[in-house]
Amino acid sequence: MTAATQPLFWRHPAMPYAELRLVVDGRNVSYAPHSHQEWSIGAILAGQSEFLCADRLHSVKEGDLVLMNPDQVHACNPRQGSAWAYYMLHLDKNWLASLLVQAEVRSCRAWRDTSVDTWSDTELFGDFVAMAQYLMAPDFSLQDKEQKLKRVLCRLFLQLDQQQQHTRTLLAANPLYQVADYLSQHCHEDRAISSISADFGYSAGYLVRAFKRHFNMTPHAYRLNRRVQLGQQALKQGEAIAAIAQTTGFSDQAHFQRVFKQRVAATPDQYRRSVIKPC
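Thresholds applied
- Residues numbered from 1 in each chain as written.
- Predicted model: local features only at pLDDT ≥ 70, side-chain atom pairs only at ≥ 80, totals over all residues.
- Heavy atoms only, no water.
- Phe/Tyr/Trp six-rings, centres within 6.5 Å; stacked < 30°, edge-to-face > 60°.
- Buried < 20%, exposed > 50% of the residue type's maximum accessible area, 1.4 Å probe, protein only.
- Helix = DSSP H or I, 4+ residues; strand = E, 2+ residues; numbered from the N terminus.
- Lys NZ or Arg CZ within 6 Å of the ring centre and 35° of its normal.
- Expected span 1.5 Å × (residues − 1).
- Salt bridge = Lys/Arg side-chain N within 4 Å of Asp/Glu carboxyl O.
- pLDDT = per-residue confidence, 0-100.
- Contact = heavy atoms within 4.5 Å.
- Polar contact = N/O pair within 3.5 Å; in protein donor to acceptor, adjacent residues only side chain to side chain.
- Core = buried A, V, L, I, M, F, W, Y, C linked by side-chain atoms within 4.5 Å.
- Pairing = 2+ DSSP bridges.
- Axes fitted to C-alpha atoms, helices over the stretch in contact; angles between N-to-C directions.
- Parallel < 35°, antiparallel > 145°, perpendicular 65-115°, else oblique.
- Left-handed = near helix turned anticlockwise from the far one by under 90°.
- Nonpolar A, V, L, I, M, F, W, Y, C, P; charged D, E, K, R; others polar.

> Describe the packing of aromatic side chains, naming the residues involved and giving the relevant values.
Under the definition given, this model contains 16 aromatic pairs. Aromatic pair Trp84 and Tyr86: ring centres 5.7 Å apart, planes at 45°, arrangement tilted. With respect to class, Trp84 is no different from Tyr86; both count as buried. The interplanar angle of 70° and the centroid separation of 5.5 Å between the aromatic rings of Phe256 and Phe260 together place this pair among those described as edge-to-face. With Phe256 and Phe260 both in helix α9 (residues 253-264) and four residues apart, this pair spans about one turn of that helix. Cluster of aromatic residues (ring-pair linked, three or more members): Phe9, Phe250, Phe256, Phe260 and Tyr271. Taking the ring centre of Tyr271 as reference, the NZ or CZ of Arg11 above it sits at 4.6 Å. The ring of Trp111 carries Arg106 above its face, with NZ or CZ at 5.3 Å from the centroid.

> Could you give an account of helix α2 (residues 122-136), naming the residues involved and the relevant values?
End to end, α2 covers 21 Å across 15 residues, agreeing with the expected 21 Å (1.5 Å per residue, within 8%). All of the buried residues in α2 are Leu124, Phe125, Phe128, Val129, Met131, Ala132, Tyr134, Leu135 and Met136.

> Go over the pattern of salt bridges, please, and point to the residues and values.
Evaluated as defined, the whole model comprises nine salt bridges. As a salt-bridge pair, Asp117 and Arg56 come within 2.6 Å of each other at their nearest N and O atoms. Note that Asp117 is positioned in the loop between α1 (93-102) and β8 (118-119) and Arg56 in strand β4 (residues 56-61), a separation of 61 residues in sequence. Given the relative accessible area of 3%, Asp117 is considered buried. The partner of Asp127 in a salt bridge is Arg155, and the shortest N-O contact between them spans 3.6 Å. Highlighted residues: Asp127 in helix α2 and Arg155 in helix α3 (residues 142-160), separated in sequence by 28 residues. Connected via shared salt-bridge partners are Arg11, Glu19 and Lys236.

> Give a detailed account of the environment of Ala103, specifying residues and quantitative values.
Relative to the elements of secondary structure, Ala103 occurs in the loop between α1 and β8. For Ala103, a relative accessible area of 36% corresponds to the partly exposed category. Placed 47 residues apart in sequence, Ala103 and Lys150 show a C-alpha to C-alpha distance of 9.1 Å.

> How would you summarise the confidence of the model for the chain if you had to cite specific residues and measurements?
The share of residues in the chain with pLDDT of 70 or more is 91%, and the mean pLDDT across the chain is 89. No element of the chain has a lower mean pLDDT than strand β6 (residues 74-78), at 82, and none a higher one than α1, at 98. Considering only residues more than four positions removed or in separate chains, one finds that residues 166-170, a stretch of pLDDT under 50, has five contacts.

> Explain α1 residue by residue, including any values.
Among the residues of α1, those classed as buried are Trp95, Leu96, Ala97, Leu99, Leu100 and Val101. Buried residues along α1 sit in contact with β2 (15-23), β3 (39-53), β7 (84-91) and α3. Two to three positions downstream of the cap, the backbone nitrogen of Asn94 sits 3.0 Å from a side-chain oxygen, assigning the N-cap of α1 to Asp92. Looking at the residues trailing α1, positive phi occurs at Glu104, about 60°.

> Go over the nonpolar core with me, naming the residues and quoting the values.
Among the nonpolar cores identified, the biggest contains 38 residues, and Trp39, Leu91, Leu96, Leu149, Leu156 and Phe157 are the most heavily contacted of them. When residues of this core are traced back to their parent elements, those giving at least two are β2, β3, β5 (65-68), β7, α1, α2 and α3. Among the elements that line this core, the one with the most residues is α2, at eight residues. Core analysis: the second largest hydrophobic core is formed by 16 residues, Val179, Ile196, Ala210 and Tyr222 among them.

> An account of the side chain of Asn69 is requested, with residue identities and associated values reported.
Here Asn69 lies in the loop between β5 and β6. A distance of 2.9 Å separates a polar side-chain atom of Asn69 from the backbone nitrogen of Thr114. In contact with Asn69, other than residues within four places in its own chain, are Glu38, Trp39, Trp111, Asp113 and Thr114.

> With reference to specific residues and values, describe the pairing of β4.
Sheet analysis places β3 next to β4, joined by six bridges and oriented antiparallel. The residue bridging Cys53 from the neighbouring strand is Arg56, located in β4. Connecting the antiparallel pair β3 and β4 is a turn made up of two residues, with Ala54 showing a positive phi of about 55°.

> I'd like a description of the packing of α2 against α3, backed by residues and values.
Remark: α2 packs on α3, axes separated minimally by 10 Å, with the N-to-C direction vectors making an angle of 160°. For the element pair α2 / α3, the angle class is roughly antiparallel. Handedness of the crossing formed by α2 with α3: left-handed. Residues Leu124, Asp127, Phe128, Ala130, Met131, Tyr134 and Leu135 of α2 form the contact with α3, whose participating residues are Asp144, Lys145, Lys148, Leu149, Val152, Arg155, Leu156 and Gln159. A class-by-class count of the residues in the contact of α2 with α3 yields nine nonpolar, one polar and five charged.

Below, the structure written as structure tokens:
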């Protein structure tokens, strides 16, 4: 990767609830469907993309914001031949929920999912990009960066909570979530999907089809995604890549690196090293 194509990450040990990514030239970036435990928001700086969020497919372009709720499967890939650059910010949902209550933007301390996938607003887009540039700049104090982040988020949510993309309805309990929880809790294991299917009363073929239809990924891909999430956490804590590959259930370091890059658009070493040094 060149300097332009290598993602840059900003995070700080005193602000563990936030992580910012910048991709300057992402024309060759490709993401497998994946999810994050954090609430995420991105700003498209250049190019056009197809943005899959849950089962909804959007066309997005420069100037758009994209939003992803925790554990929501998504993928965003540039159109063939299109320029592609973006910021992506991941925020701990519990910290964010607490901030919004303190600022009197929301009244409930429990996290509540946002209701839109995409948003086009020139002023809010500009505020978000300016805030992202502020976080990555070495010239400002950590305290100033934190205050800038909080101000922009509060302004964002004051308007965001008034937006409605679709009617929100409660659905009947879906037993597939029990399978998903099992895969998350036992992601280190390589137990055959057919064996897991039998435990939950499904045939392997039915489970794979139903799971993919609901989560936009197969049970095996879902398990790999959870391993990558754990790998990201371990990398932030400074653990060795080879050790992470072993403890998270990958067959070897090469397998870990390949799967990690498919979902994060950076190798584990790039993810760990390409962090802008805190001021």
